[in-house]
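# Structural characterization, general
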Amino acid sequence: MHYVANGFGDDLDSPSTEQMQSFLDALPLNDIEHGAAWCVDADGNCLEYEVGGNLTYEHIGVPARHLAGVEKKTVLKLWQLLVDGKFAEIESEPWQSGVRPTPSTAEVLRHEEEMREWQISQDLEFYDSLGAEHGASRCRASTCERRTVAHSVFCRSHHFEKIKGRTCPFVH
Ligand SMILES: [Zn+2]
């Protein structure tokens, strides 16, 4: 039986392709320490993806090899090949043996961009979850003309800043 697991201790037995996709998408891109997920087949062959973009292939009896700058759609494709036992197709990737390669500047930049996009979508979700500014009183922040959201003395933007400790990127 194959399974997927991640650095947070979650795992899933015999996942479908859709479940593997969700499992990958749930990884927080800004958590380098825990942001890893791996797929293991019934024999123990393993493909481990780290949010930094490195994919490690551990085929039993073969020293670990790496791919740098891997996109999630490639990870998903390779996980599927692994659980289908299509090793020849996995081998067609340009695996590098030895120590893990250092990502190129372009890869680092691409990852940072992904991380920014992920952060913005997370922030927007939080911001929108605060609801409308229907409060009876003005936001407590000085010079702010907006009204409060529920359960707060601040408007959405100032409540966001208070909770997150950084400038709110939204004004809507
Ligand atoms: Zn305010």
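Predicted model, so just to flag it, every value in this text is computed and none were measured. Position numbers for residues start from 1 in each chain and track the written sequence from start to end. Thresholds applied to this predicted model are a pLDDT of at least 70 for local features of residues and 80 or more for the giving and counting of side-chain atom pairs; totals over whole chains, interfaces and linings are not thresholded and use all residues. Calculated side-chain values reflect all of the structure's heavy atoms, with hydrogen atoms and water omitted.

### Brief notes about the pairing of strand β1 (residues 3–6)
- Pairing between strands is defined by DSSP: at least two bridges between them are needed. A helix here means a DSSP run of H or I that spans at least four residues, while a strand means a run of E at least two residues long, and both kinds are numbered starting from the N terminus. Relative to strand β2 (residues 11–13), β1 is paired through 3 bridges, and the arrangement is antiparallel. Residue pairing across strands places Tyr3 opposite Asp13, the latter belonging to β2.
- With antiparallel pairing between neighbouring strands as the criterion, β1 and β2 make up a hairpin whose turn holds 4 residues, including Gly9 at a positive phi of roughly 90°.
- Where β1 and strand β3 (residues 36–40) come together, 4 bridges link them in antiparallel fashion. Within the sheet, the bridge partner assigned to Asn6 lies in β3 and is Ala37.

### Things to note about helix α4 (residues 105–129)
- The end-to-end C-alpha separation of α4 is 36 Å, in line with the 36 Å expected for 25 residues at 1.5 Å each.
- Exposure categories follow from relative accessible area, calculated using a 1.4 Å probe and restricted to protein chains: below 20% of the type maximum is buried, above 50% is exposed, and the middle band is partly exposed. Taken together, the buried positions of α4 are His111, Trp118, Asp123 and Tyr127. Expected helix span is computed as 1.5 Å times (number of residues minus one).

### Overview of the coordination of the zinc ion
- Looking at the metal site, the zinc ion is ligated by Cys139 (SG), Cys144 (SG), Cys155 (SG) and His158 (ND1), spaced 1.9 to 2.3 Å from it.
- Keep in mind that water is not among the atoms, so a site may look incomplete; donors are the N, O and S atoms within 2.8 Å of the metal, or 3.2 Å for Na, K and Ca. In these descriptions, tetrahedral denotes four donors with every angle between 85 and 135 degrees, square planar four donors and octahedral six donors with opposite donors over 155 degrees apart and the rest between 65 and 115, and irregular any other case. Relative to the metal, the 4 donor atoms surrounding the zinc ion lie at angles of 103 to 114°, and the coordination shape comes out tetrahedral.
- Mapped onto the polypeptide sequence, the residues donating to the zinc ion form the spacing pattern C-x4-C-x10-C-x2-H. On the criterion of sequence distance, the pair formed by Cys139 in the loop between α4 and α5 (156–164) and His158 in helix α5 is long-range, its members being 19 residues apart.
- What makes Cys139 buried here is its relative accessible area of 5%.

### Brief notes about the domain arrangement of the chain
- Domains assigned within the chain are domain 1 (3–97) and domain 2 (130–172).
- Distance between the C-alpha centres of domain 1 and domain 2: 41 Å. These domain boundaries are the output of an automatic or database domain assignment.

### A few points about the nonpolar core
- Within the largest apolar cluster, 24 residues are counted, with the highest numbers of intra-cluster contacts made by Leu47, Leu55, Leu78, Trp79 and Trp95.
- At the level of elements, α1 (17–25), β3, β4 (46–50), β5 (55–58) and α2 (72–83) are the ones that each hand at least two residues to this core.
- Of all the elements, α2 adds the most residues to this core, at 6 residues.
- Once residues lying within four places of it in the same chain are set aside, the contact partners of Trp79 are Val4, Met20, Leu24, Ala37, Trp38, Cys39 and Leu47.
- The definition of a nonpolar core used throughout is a set of buried Ala, Val, Leu, Ile, Met, Phe, Trp, Tyr and Cys residues joined through side-chain atoms within 4.5 Å. Residues Cys139, Cys144, Phe154 and Cys155 belong to the second largest nonpolar core, which totals 5 residues. Whether two residues touch is decided by their heavy atoms; if any such pair falls within 4.5 Å, the residues are in contact.

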